[in-house]
Amino acid sequence: MTDLLTPQLNIETAVPDWLQARRLAGRAAWDNGSMPTRKTEDWKYTSLYPLQQDFTAAPVNDASAAELGLDLPELSGSRLVFVNGHWREDLSTLVADAAIEVVRFSEANAEQSALIGEHLGTSVPGTKHLFAMLNDAALSDGVFLRVRANSKAQHPVQLVWHNSRAESIFISNQRLLVLAETHSEASLVEHFSGRNNAFTNGVSELVLGPGAKLNHSRLHLESPEALHIGGLHVRLDRDATLESFHLALGGKLKRIDIVINHEGTGAHCQLDGIYLLRGNEHVDYHTCIEHAVPHCTTDETFRGIIGDKARAVFNGRIHIHPDAQKTHAQLSNKNLLTSATAEVNTKPELEIYADDVQCAHGATVAQLDDAMLHYLRTRGIPEDEALVLLSYGFINALVETQALDALRDYLKPLLADYFGATSESASEQGSNLTRHIGA
Amino acid sequence: MLSIKDLHAEVDGKTILKGLSLEINAGEVHAIMGPNGSGKSTLGHVLSGRPGYEITGGSVEFMGKDIFEMETEERAHLGLFLAFQYPVEIPGVSNMEFLKAAVDAVRESRDEEAFDTVSFMRKAREACTAVDLDQAFLKRGVNEGFSGGEKKRNELMQMMLLEPKLCILDETDSGLDIDALQVVAKGVNTMRAEDRAFLLVTHYQRLLDYIEPDYVHVLADGRIVKSGDKSLALELEEKGYGWLEVEVA
């Protein structure tokens, strides 16, 4: 494929052979693929037009955390920080934890390299996810997190990908591989932030072994100009449990594919997500849950609030294969439109080929409830504060169910501020509007 | 305190209130009774400023000000409180957030200092106890999954915390068992004061066994057709509403 993204693939960078092979394969798949258009069903409502520009390679930036505007949740465990895709040792903290090995691909020892080589890309089969192929082609580094069998991590691991302001528009490549071994337990937070219109191509892979339990969050808090095409690809072995929480504040173009494969019986996945858009932002969540084996469960809830002229897309597919008897799957997507020009395209898709399953799905699109608004106002609460309370209330339940206290404490004021700033009032007024949240 | 003169109002093009007049002074307790469809609930909605109700004639002054010149929240700031017949469920907004936001807004409008979190918590807990509601309800979503009786007690709790000048109770007694009814009555009786008035809108006389009104009015076909003292309520209970309509006709 010839286009503006390709020239940034720097094949000459020295990497280990096992990585080079993947890069070449990715490059070949990318070159042979064709860019999705609005006629491609999976991209019907999301235009890739914002990618039609000259990108440069990501510049190294050594600014301090304060200069970068890094605002991170205070979690107790290891924190790995990448700025513009480049590792920043000085901003990172490594906390020893016997249950965990966390290492960059470039620093991996022989055993770790072998494990990366064995698992990397196995959850992204074929060439359906073209941008994952681009990610492969551009691989120079990534993060490998291993949770050792039969052990429980003491602290959550936090991975931060931050893009700084730069003179040119650049591409940063993000890659994560998590290997949660048999009966291991851990928590992981992926944090994307930034102050510019850089394009992030992110791929995260979670491979959960038998009985493994992983609490995962992926936060997209980039600036409104940000471009992000990302994928989360998950393999669940028997009796594995994944709790995965997603949050996206709008960007110019954000497209997140979440693909979860139930490969072993008795696996469970809880998938929750929130997307908040305003201005001219565009967020597209495509989720696909593959139930290939019996006795697995999926509980998926996404909620979005869309304002101004923003446009959201939610496509939730649950595919139940012929062998996947006794599957329990439910999918709910609720949307709140706060302006007449906001738009959401939501499509729950159940494809069921087994005959003994319980599945439910539903999608709603609504505006703020006049009766609720009136009720709050009869109690003296000003209209603009009532609107903030109701908007926050719409997504609050999903934040409350977050397992990590520290993350919840971080998200609540952040989201409250978001809604406070939605109003046209000044920032001082904004804090007045949100002061009762969490009272 | 409240002066309603020849009030006409309609919903969806249908005239509901057809010349209602009523004067309420500080310290008084008024009861409005009437058959279904007479306009009882419409009166409460109109006074609270609910969208969808159009005022087609007449005037309402509350604390000397034209009520229709004020936003819903401004009416509340001035001391108007409506206990809803069907309180609204608001999932995701906790009762505590809601109560604090309401009390802060009303106190600020009166240039009174906001309660700090600790003293407000204490006041809210006391109010819970007063209406016989478990404190766990403070953490739940506003009215979310509450039973009918719990919702009505929650309304009463809000009334206690907001300390309004005029309390309009729209069929607060409907659907309550005797115990809950007594809790509501006790709450109202505790709040009776020289500078506060009550307007009890009810379908049944039994509420008035527990809260003694100074005046009883009968609402029929959008107007007050008869006024009297508490003995009128007993007469209505005995004879039903039919004789009034005959008398008026």
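Residues numbered from 1 in each chain as written. Chains lettered and ligands numbered in written order. Predicted model: local features only at pLDDT ≥ 70, side-chain atom pairs only at ≥ 80, totals over all residues.

1. Description of the overall build of chain A
Our working rule: Strands here are runs of E lasting at least two residues and helices are runs of H or I lasting at least four, both read from the DSSP assignment and numbered beginning at the N terminus. Radius of gyration here is computed from C-alpha atoms only, and the compact-globule reference equals 2.2 Å multiplied by the residue count raised to the power 0.38. Around each residue's C-beta, the other C-beta atoms within 10 Å are counted; 20 or more make the residue buried, 12 or fewer make it exposed, and counts in between make it partly exposed. All C-beta atoms are placed from the backbone. Contact definition: two residues whose C-beta atoms, as placed from backbone geometry, lie within 7 Å.
On a plain count of helices and strands, chain A comes out with eight helices and 20 strands. For a compact globule of 439 residues, the expected C-alpha radius of gyration is about 22 Å, and chain A comes in at 21 Å, within 12% of that figure. If you line up chain A on its principal axes, its C-alpha atoms span 70 × 55 × 50 Å. Put simply, chain A has 439 residues, and 50% of those count as buried. A sequence separation of at least 24 residues applies to 83% of the contacts in chain A between residues at least 6 apart.

2. Concerning the sheet that holds strand β9 (residues 166-170) of chain B
Residues and elements named next belong to chain B. Rule in force here: At least two bridges found by DSSP between two strands is the condition for calling them paired. A fitted line through C-alpha atoms represents every axis, and for helices the fit uses only the stretch in contact; the resulting angles, taken between N-to-C directions, go from 0 to 180 degrees.
Read across the open sheet, the six strands follow the order β6-β9-β10-β3-β11-β12; overall the sheet is mixed. The sheet terminates laterally at β6 (80-83) and β12 (223-228), the two strands that pair on one side only. Here the strands of the sheet are splayed against their neighbours by 20° on average, with no regard to which way each runs. Summarising the sheet, strand β11 (residues 215-220) and β12 pair through five bridges and their orientation is antiparallel. Among the inter-strand pairings, Val218 is bridged to a residue of β12, identified as Lys226. Where helix α8 (residues 230-239) meets the sheet, it contacts β3 (29-33), β11 and β12, and its direction lies at approximately 45° from that of β11.

3. Some details on the interface of chain B and chain A
It is common to give the size of an interface as the accessible area lost on bringing the parts into contact. The line we're drawing: Residues are grouped as follows: Ala, Val, Leu, Ile, Met, Phe, Trp, Tyr, Cys and Pro are nonpolar; Asp, Glu, Lys and Arg are charged; every other residue, Gly included, is polar.
Counting residues at the interface gives 23 residues for chain B, matched by 22 residues for chain A. When contributions to the side of chain B that touches chain A are tallied by element, the ones reaching two or more residues are α2 (72-77), β7 (90-94), α3 (95-109) and α5 (148-162) of chain B. It is α3(B) that provides the largest number of residues to the side of chain B that touches chain A, a total of eight residues. Per-class residue counts for the side of chain B that touches chain A are 13 nonpolar, six polar and four charged.

4. Thoughts on the pairing of strand β1 (residues 2-11) of chain B
All names here are of chain B. Here β1 pairs with strand β4 (residues 53-62) via eight bridges, running antiparallel. Note that in β4 the partner of Val11 across the bridge is Tyr53. Where β1 lies against strand β2 (residues 14-24), eight bridges are found, and the strand directions are antiparallel. Bridge assignment links Ala9 to a residue of β2, and that residue is Leu17.

5. Overview of the domain arrangement of chain A
Residues and elements named next belong to chain A. Defined as follows: Note that the domain bounds were set by an automatic or database domain assignment.
Here chain A is partitioned into domain 1 (6-264) and domain 2 (369-439). Centre-to-centre, using C-alpha coordinates, domain 1 lies 31 Å away from domain 2. Counting residues at the interface gives eleven residues for domain 1 and seven residues for domain 2. Elements with a contribution of two residues or more to the side of domain 1 that touches domain 2: β8 (185-194), β10 (213-220) and β12 (241-249).

6. Notes on the packing of helix α4 (residues 117-130) of chain B against α5(B)
Residues and elements named next belong to chain B. Formally: Note on terminology: angles under 35 degrees are roughly parallel, angles over 145 are roughly antiparallel, angles of 65 to 115 are roughly perpendicular, and the others are oblique. Handedness of a helix crossing follows the sense of rotation of the near helix relative to the far helix, less than a right angle counterclockwise being left-handed and clockwise being right-handed.
One can describe the packing of α4 onto α5 by two numbers: an axis separation of 9 Å at closest approach and a directional angle of 135°. Here α4 is positioned oblique relative to α5, judged by the angle of their axes. Relative to α5, α4 is oriented so that their crossing is right-handed. The segment α4 lies against α5, with Lys123, Ala124, Ala127, Cys128 and Ala130 engaging Met157, Met160 and Leu161. Of the residues contributing to the contact of α4 with α5, the split by class is seven nonpolar, no polar and one charged.

7. Side note on the packing of helix α5 (residues 370-378) of chain A against helix α6 (residues 383-400) of chain A
Residue and element names in this part refer to chain A. Viewed as axis vectors pointing N to C, α5 and α6 meet at an angle of 130°, and their least axial separation amounts to 9 Å. When the axes of α5 and α6 are compared, the pair comes out oblique. Crossing of α5 against α6: the hand is right-handed. Of the residues in α6, those touching α5 at Met372, Leu373, Leu376 and Arg377 are Glu383, Ala386, Leu389 and Leu390.

8. Examining the sheet that holds β2(B)
Adjacent strands of a sheet pair through backbone hydrogen bonds, lying either parallel or antiparallel. The sheet built from four strands is open, its strands ordered β2-β1-β4-β5 (chain B) with antiparallel pairing. Every interior strand has two partners, whereas the edge strands, β2 and β5 (65-66) of chain B, have only one.

9. Some thoughts on the nonpolar core
Rules: Each nonpolar core comprises buried Ala, Val, Leu, Ile, Met, Phe, Trp, Tyr and Cys residues, the members being joined through C-beta atoms within 7 Å.
Counting residues in each nonpolar core, the largest one holds 182 residues, and the members touching the most others are B:Phe81, B:Leu166 and B:Ile168. Broken down by element, the residue count for this core peaks at eight residues, all from α3(B). Dropping the residues within four chain positions of it, B:Ile168 is found in contact with B:Gly44, B:Leu47, B:Phe81, B:Leu82, B:Ala83, B:Leu199 and B:Val201. Core analysis: the next-biggest nonpolar cluster, separate from the first, contains eight residues, A:Ile171, A:Ala198, A:Phe199 and A:Leu227 among them.

10. Side note on the pairing of strand β6 (residues 157-163) of chain A
Residues and elements named next belong to chain A. In terms of burial, β6 is largely enclosed, as seven of its seven residues are buried. Note that strand β2 (residues 79-83) and β6 share five bridges and pair parallel. Note on β6: the bridge partner recorded for Val83 is His162. The pairing of β6 with β8 spans seven bridges and is classified as parallel. Looking across to β8, one finds that Trp161 is bridged to Phe192.

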